[in-house]
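# Chains, contacts and geometry: an overview
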Amino acid sequence: MHPHPPPGAPRFDIAAIFRTHGEAFRRAHAVSDEQRKAMWSIEHCRTQTLGGHLYQCQTCGSEVPLYNSCLSRFCPTCQGPAQYQWMAQRTQRLLPTHYFHPVFTLPAELRPLAWRHKAVVFDLLFAAAARTLLDLCRDPQHLGAAIGVTLVLHTWTRELTFHPHVHGILPGGGLDPAADRWVACDKEFLIHVDVLSAVFRGKFLAGLQQAYARGAFTADTTLDPTHFRTLLDRLYQRHWNVYVKPPFAGPPAIVKYLGRYTHRTGIANSRLVAVTDDAVTFRTKHGDTCTLPPYEFIRRFLLHVLPDGYTKIRHYGLLAAGNVHTKLARARELIEQTQPPSPPASPPSPLPADTAATAATELHSTDTADDPATPKLRCPNCQGTTFSLIATLLSERWRRTHPPPDT
């Protein structure tokens, strides 16, 4: 059974592109195990393959299947509820002060190495960005206090090209544990970006040399000692792109901004403009579009599949898990002693329909104030909202009646 698309749902579906062209893409291209698993999940998400439940509409009697989600973090339609929950949690942990938005970007010369050794290079990116902020802010010449920062890995551009960088949430001040006081910084300035850039470059390249010395790139035949030294020389001579700016509409806005990248893929269904057998067109920036052959669209999408279990959201300093109920709580107390308590942070606004939930049936959340993490089932025939469960649909993986291939 295939219910009609819900009103306002995206007209095109990334999963449909993978179902149409995925098998031929796998035959023509080398695909890693992580990419293969991501493709399988996207192609089978919310289909009979994963099973589900069969409901009957109490208004018109129609039978409406609701198939299970794959829950892959690379699936464009599965991460809405998790994204909303993360945003709500981060909003509750915001300190009643101003915030900054730091961004640290790897130079283009490092992208091939980052692609071949994602975990190693991304770990260095996180560590260098975090230590740059923590060490400089601890320096009495700048802030002289311990800060907290949350960093989120982001690997794509609006055209889906590979562009590794981290976005951050940074409170506008820090905790001086020796004097037990909150040290606030200027609302418009934290540390000059030229200083941040130079320190970030130094810390990253020092870490890169240590990783090379301990054999992290031994299997990489393109990175012999001569080529590695040449790469280092070029990277030391480059200006590394770093910027820090205040959020435009207050701290909750930066949480919402980062929420786009915490539990989202490089592109949402809502950005698709046209899909044919020969081309995929999607929106980029400033009203522009990008058109790619389906194979190239899939290739670019798969550039951003991370290694299994890789952590793309990390918290440091006051925001580290071990400090949330101690140092972060004390920082909040000290800030509130000098100003009236802030009103409770409001929850994030509902997510787009294709992010919050679209499935074989309508999981509608955009026309209601309900939490998008608990969407409402709606009949595709009469738009009724009252259902009774009449059957459980077993996963086809557990109902196999023939041996798997190659056995």
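Structure first, text after, so check above.
Because the structure is a prediction, the values reported are computed rather than measured. (Residues numbered from 1 in each chain as written. Predicted model: local features only at pLDDT ≥ 70, side-chain atom pairs only at ≥ 80, totals over all residues. Heavy atoms only, no water.)

## Quick word on the sheet that holds strand E10 (residues 280–283)
The cut-off we apply is this: A pair of strands is treated as paired once DSSP finds two or more bridges between them. Secondary structure counts use DSSP, requiring at least four H or I residues in a row for a helix and at least two E residues in a row for a strand, with both numbered from the N terminus. Axis angles are defined between N-to-C directions and span 0 to 180 degrees, where every axis is a line fitted to C-alpha atoms and, for a helix, only to the segment in contact. Contact definition: two residues touch when any of their heavy atoms are within 4.5 Å.
What the 3 strands build is an open sheet, ordered E9-E10-E11; its pairing is antiparallel. Each having just a single partner strand, strand E9 (272–275) and strand E11 (289–292) make up the two edges of the open sheet. Along the sheet, successive strands turn relative to each other by an average axial angle of 15 degrees, direction set aside. Two strands pair when backbone bridges link them, and E10 and E11 are joined in this way by 4 bridges, in the antiparallel orientation. Across the sheet, the residue bridging to Phe282 is Cys290, located in E11. Across the sheet, helix H9 (residues 294–302) lies against E9, E10 and E11, angled at about 110 degrees from E11, the strand it touches most.

## Description of helix H2 (residues 33–44)
We count it as follows: The span expected for a helix works out to 1.5 Å for each residue beyond the first. Burial classification: accessible surface area is computed with a 1.4 Å probe over protein chains only, and a residue below 20% of its type maximum counts as buried, one above 50% as exposed, and the rest as partly exposed.
In a regular helix each residue adds 1.5 Å, so 12 residues correspond to 16 Å; H2 covers 17 Å between its end C-alpha atoms and thus fits that length. All of the buried residues along H2 are Gln35, Ala38, Met39, Ser41, Ile42, Glu43 and His44. Looking at the buried residues of H2, the elements they touch are helix H1 (14–28), helix H4 (111–116) and H9. Backbone geometry just after H2 places Arg46 at a positive phi near 55 degrees.

## Description of the state of the cysteines
To keep it simple, the criterion reads: Any cysteine sulfur atom paired with another within 2.5 Å is treated as part of a disulfide.
All told, the structure shown has 0 disulfides when counted by the stated rule. In this structure Cys57 is not part of a disulfide, and its nearest cysteine sulfur, from Cys382, lies 3.6 Å away. Relative accessible area serves as the criterion here: at 2%, Cys57 is assigned to the buried category. With no disulfide of its own, Cys137 lies 7.3 Å from the sulfur of Cys185, the closest cysteine sulfur.

## Digging into the pattern of salt bridges
Rule in force here: Take a side-chain nitrogen of Lys or Arg and a carboxyl oxygen of Asp or Glu: if they are within 4 Å of each other, that pair is a salt bridge.
The full count for this structure, using the stated rule, is 17 salt bridges. Its salt-bridge partner being Arg314, residue Asp123 comes within 2.9 Å of it at the nearest N-O pair. Of this pair, Asp123 sits in helix H5 (residues 118–138) while Arg314 sits in strand E12 (residues 313–317); the two residues are 191 residues apart in sequence, bridging distant segments of the chain. Note that Arg330 is salt-bridged to Asp180, the shortest N-O span being 2.7 Å. One end of the pair, Arg330, is in helix H10 (residues 327–337); the other, Asp180, is in the loop between strand E6 (173–176) and strand E7 (181–184), with 150 residues separating them in the sequence. Several salt bridges converge on common partners, so that one network encompasses Glu23, Arg26, Arg27 and Glu43.

## Some points on the sheet that holds strand E15 (residues 387–393)
Spatial strand order, E2-E1-E15: 3 strands in an open sheet with antiparallel pairing. Bordering the open sheet on either side are strand E2 (63–67) and E15, each of which pairs with just one other strand. Strand-to-strand twist across the sheet, computed as the mean angle between neighbouring axes with direction ignored, equals 30 degrees. Sheet topology note: the strand E1 (residues 52–57)/E15 ladder contains 6 bridges and is antiparallel. When the sheet's bridge partners are listed, Leu54 is paired in E15 with Ala391.

## As for the packing of H1 against H9
Spelled out, the test is: Any angle that is under 35 degrees is reported as roughly parallel, and any over 145 degrees as roughly antiparallel; angles of 65 to 115 degrees are reported as roughly perpendicular and all others as oblique. Residue polarity follows a fixed list, in which Ala, Val, Leu, Ile, Met, Phe, Trp, Tyr, Cys and Pro are nonpolar, Asp, Glu, Lys and Arg are charged, and the others, Gly among them, are polar.
Where H1 contacts H9, the two axes come as close as 10 Å, and the packing angle between them is 100 degrees. Taken together, H1 and H9 sit at an angle that is classed as roughly perpendicular. On the side of H1, the interface is formed by Ile14, Ile17, Phe18, His21, Gly22, Ala24 and Phe25, while H9 contributes Pro294, Tyr295, Phe297, Ile298, Arg299, Phe301 and Leu302. Grouping the constituent residues of the contact of H1 with H9 by class yields 11 nonpolar, 2 polar and 1 charged.

## A closer look at the pairing of E6
Summarising the sheet, E6 and E7 pair through 4 bridges and their orientation is antiparallel. By the bridge assignment for E7, Gly173 is matched with Ala184. Connecting E6 to the next strand, E7, in antiparallel fashion are 4 residues, including Asp180 with a positive phi near 50 degrees.

## Observations concerning the side chain of Glu43
Structurally, the position occupied by Glu43 is in helix H2. Judged by relative accessible area, Glu43 falls into the buried class, the value being 10%. Setting aside residues up to four positions removed in sequence, Glu43 forms contacts with Phe18, Arg19, Gly22 and Arg26.

## Description of H10
We count it as follows: It is the directions from the helix axis to the C-beta atoms whose arc is reported.
Leu328, Ala331, Leu334 and Ile335 are the residues of H10 that are buried. Down the axis of H10, the buried set is contained in an arc of 120 degrees. They therefore lie on one face. Against E6 and E7 lie the buried residues of H10.

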